[in-house]
Amino acid sequence: MTSTSPVQPSILIIDDVPENIKILLRILKDDYELHYATSGRQALSLLAKVKKPDLILLDVMMPEMDGYELCATLKQDPETGAIPVIFITAKLDAESETQALSSGAVDFIHKPINGEVVRARVRLHLKLDQHAKELHIVNTELTEWIAILKNRVLKQTALIREKIEASHQQHDRRQNSSDAIVFVLADLLEQRDQRLSKHSRTVASLAVSMAKALDLPWAQVEEIRHAGLLHDIGLIGSSDRLLMDNVELLSGADAANYRAHPIRGQKTIDSFEELKGIGCHIRHHHEAFDGSGFPDGLSGKEITVGGKIIHLASFMENSFVQFPGKDAKYKVSRKVAAGMGVLFDPTLSAAANLALKELLIDPPVTHQSPSEQEIPFSDLRVGMVLTRDLYSINGVLIVERGTRLTTESMENIRRHQLSIPLRTVTYIQKMNSLPHP
Ligand SMILES: [Fe+2]
């Protein structure tokens, strides 16, 4: 056995020809901790005693137990099954390669041994194995995180449902359930990070403006609103560093974690039967029209309309934060125009311009039209017309602007007040400016 530094990856070389072992030791000795065995049995006995290697280089032709048999034995053992095995072989035919792959090898190095090829293949497979291990850790953490989150949301949703049931009123149970879950998840986002929450509410508002400008059906607009509110739910379990840093500057595990957040978001949302339709929009919200986005590198029509709209809305909101000041809208609209056909679907151009015109980040309550008036919720009555959308404090739409309040819509508001804290005031059309019925 030859040993160098304990922090170096370790490799086990198995070959019955000592000369071949010497060649490989010479090629790899500067970069790796090396062990060797001259038969399959010696290798198995060594593996039972020492720390498991990070990679195995295995000769195919050996007496007693050949490389295929040894590889298959290693793959069946949970202790050694995950160690990548590269065959060293003089055989070049397809049948041998097929036999090697079916026994569990990840690659081949052909004899005569070339130092550069050996170093490159070993480096590549150690890197791939490292990525696979990191991904496994992320997936394990993700599964645990979703279970905890789902449990928490289900508990809170059950409480909300109980309150709704207690009101003894007829209602659309499914709609209320999805609203309640969106509310709870949006609330968790707000608790996790104020900036993320504000970003999500503005994105939802912009996305709804665009969806309406495109004349999408009401149900689809609602899906997009919910997806907009929850599009970054996959970041809720990420570190503060990931939330605070410029994502363009992230690298390594941080970048991989960030790029996986749309997948985490979709998995979280898909675990709620009531929100099934919006998971795909969340997964697609970083996909780009030209295919340069993530996590799936989709392009054009492969991306859902909701995903495209939310991507654009998120870009707009982030750009507004980047360019505060009087000419923000001008700068943002130029950035949006430059991205059309590249990052964004050009068929969204007109809708994006409309949304930009409508965009009111933190709308000033003093900006009232002469025909509207601000009133407390307690003063709402049947027959009044809302001049602004009525949302819960977390952005769930309760009643759409332009709605003339009926007994049913008043009941809807009352029901939500039981379960969801609403803003304390709303806006209605002045009674003297209402058209005659
Ligand atoms: Fe995102």
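The following refers to the structure shown. Every value quoted in this text rests on a predicted model; they were computed, and no experiment measured them.

### Overview of the overall build of the chain
Logical step 1: In terms of regular secondary structure, the chain is built from 16 helices and nine strands.
Logical step 2: For the chain, the residues scored as buried account for 34% of the 437 residues in total.

### What about the sheet that holds strand E1 (residues 10-14)?
Strand pairing in a sheet relies on backbone hydrogen bonds, with the paired strands running either antiparallel or parallel.
Logical step 1: With respect to topology, five strands assemble into an open sheet ordered E2-E1-E3-E4-E5, the strand pairing being parallel. The open sheet is flanked by strand E2 (33-37) and strand E5 (107-110), the only strands paired with a single partner. Averaged over neighbouring strand pairs, the angle between their axes works out to 20° when direction is ignored.
Logical step 2: Strand direction decides the pairing type here: strand E3 (residues 55-59) and strand E4 (residues 85-89), joined by four bridges, are parallel. The residue of E4 that forms the bridge with Ile56 is Val85.

### Observations regarding the packing of helix H7 (residues 194-213) against helix H8 (residues 218-230)
Logical step 1: One can describe the packing of H7 onto H8 by two numbers: an axis separation of 7 Å at closest approach and a directional angle of 160°. Between H7 and H8, the angle is such that the two are roughly antiparallel. Note on packing geometry: the crossing formed by H7 with H8 is right-handed. Contact residues: Ser200, Arg201, Val203, Ala204, Ala207, Val208, Ala211 and Lys212 in H7; Gln220, Val221, Ile224, Arg225, Gly228 and Leu229 in H8.
Logical step 2: Tallied by class, the residues present in the contact of H7 with H8 amount to eight nonpolar, three polar and three charged.

### Concerning helix H1 (residues 18-28)
Logical step 1: For H1, the full list of buried residues reads Ile21, Leu24 and Leu28. All buried residues of H1 lie within an arc of 65° about the axis, which places them on one face of the element. Looking at H1, the residues exposed on the side facing more than 90 degrees away from the buried face are Pro18, Glu19 and Arg26.

### So, unusual backbone geometry
Logical step 1: Here the bond from Lys111 into Pro112 is cis, since omega is 0°, no more than 30 degrees from zero.
Logical step 2: Along the chain, the position of Pro112 falls in the loop between E5 and helix H5 (115-166).
Logical step 3: With an omega of 10°, the peptide bond running from Phe294 to Pro295 counts as cis.
Logical step 4: In the Ramachandran plot, Glu64 falls in the positive-phi region, its phi being about 60° despite a non-glycine side chain.
Logical step 5: Its location among the elements puts Glu64 in the loop between E3 and helix H3 (67-76).
Logical step 6: By C-beta crowding, Glu64 is classed as exposed, having 10 other C-beta atoms within 10 Å.

### Topic: the environment of Pro262
Logical step 1: Residue position: Pro262 is located in helix H11 (residues 261-270).
Logical step 2: For Pro262, a count of 28 C-beta atoms within 10 Å gives the class buried.
Logical step 3: For Pro262, the contacting residues outside a window of four places in its chain are Gly234, Ile282, Arg283, His285, His286 and Pro295.

### Brief notes about the nonpolar core
Nonpolar side chains in soluble globular proteins tend to end up buried together.
Logical step 1: In this structure, Leu185, Ala207, Met210, Leu230, Ile309 and Ala313 are the most contacted members of the largest nonpolar core, which totals 46 residues.
Logical step 2: Every element with two or more residues in this core is listed here: helix H6 (173-192), H7, H8, helix H13 (305-322), helix H14 (328-339) and helix H15 (349-358).
Logical step 3: Ala207 has contacts with Ile224, Arg225, Gly228, Ile309, Ile310 and Ala313, leaving out every residue within four places of it along the chain.
Logical step 4: One finds Leu47, Leu58, Val60 and Phe87 within the second-largest nonpolar core, a separate group that totals 30 residues.

### Focus on the pairing of E3
Logical step 1: By the criterion of burial, E3 is predominantly enclosed, with five of the five residues buried.
Logical step 2: Of the two faces of E3, both are covered, the one formed by Leu55, Leu57 and Asp59 as well as the one formed by Ile56 and Leu58.
Logical step 3: Crossover handedness for the path E3 to H3 to E4: right-handed.

### Some details on the environment of Phe87
Logical step 1: Relative to the elements of secondary structure, Phe87 occurs in strand E4.
Logical step 2: C-alpha of Phe87 to C-alpha of Leu57: the two residues are 30 residues apart in sequence and 5.9 Å apart in space.
Logical step 3: In this structure Phe87 touches Leu58, Val60, Gly67, Ala100, Ala105 and Phe108, once residues within four positions along its chain are discounted.

### Focus: the packing of H14 against H15
Logical step 1: The contact between H14 and H15 brings their axes to 11 Å, and the two run at 165°. As the angle between them shows, H14 and H15 are arranged roughly antiparallel. At the point where H14 passes H15, the crossing takes the right-handed sense. For the pair H14 and H15, contact is made by Lys329, Val332, Ser333 and Val336 and by Ala352, Asn353 and Leu356, respectively.
Logical step 2: Classifying every residue of the contact of H14 with H15 by side-chain character gives four nonpolar, two polar and one charged.

### Examining the pairing of E1
Logical step 1: When you tally the buried positions in E1, you get four out of five residues, the bulk of the element.
Logical step 2: Bridge count between E1 and E2: five bridges; the pairing is parallel. For Ser10, the partnering residue across the bridge sits in E2 and is Glu33.
Logical step 3: Note: E1 against E3, four bridges, orientation parallel. Along E3, the bridge assignment pairs Ile13 with Leu57.

### Let's talk about the environment of Leu101
Logical step 1: Along the chain, the position of Leu101 falls in helix H4 (residues 94-102).
Logical step 2: Accessibility expressed as a C-beta count within 10 Å gives 14 for Leu101, which makes it partly exposed.

About the cut-offs
- Residues numbered from 1 in each chain as written.
- Predicted model: local features only at pLDDT ≥ 70, side-chain atom pairs only at ≥ 80, totals over all residues.
- Helix = DSSP H or I, 4+ residues; strand = E, 2+ residues; numbered from the N terminus.
- Buried ≥ 20, exposed ≤ 12 C-beta atoms within 10 Å, placed from the backbone.
- Pairing = 2+ DSSP bridges.
- Axes fitted to C-alpha atoms, helices over the stretch in contact; angles between N-to-C directions.
- Parallel < 35°, antiparallel > 145°, perpendicular 65-115°, else oblique.
- Left-handed = near helix turned anticlockwise from the far one by under 90°.
- Contact = placed C-beta atoms within 7 Å.
- Nonpolar A, V, L, I, M, F, W, Y, C, P; charged D, E, K, R; others polar.
- Arc of directions from axis to C-beta.
- Core = buried A, V, L, I, M, F, W, Y, C linked by C-beta atoms within 7 Å.
- Right-handed = clockwise from strand over helix to strand, strands pointing away.

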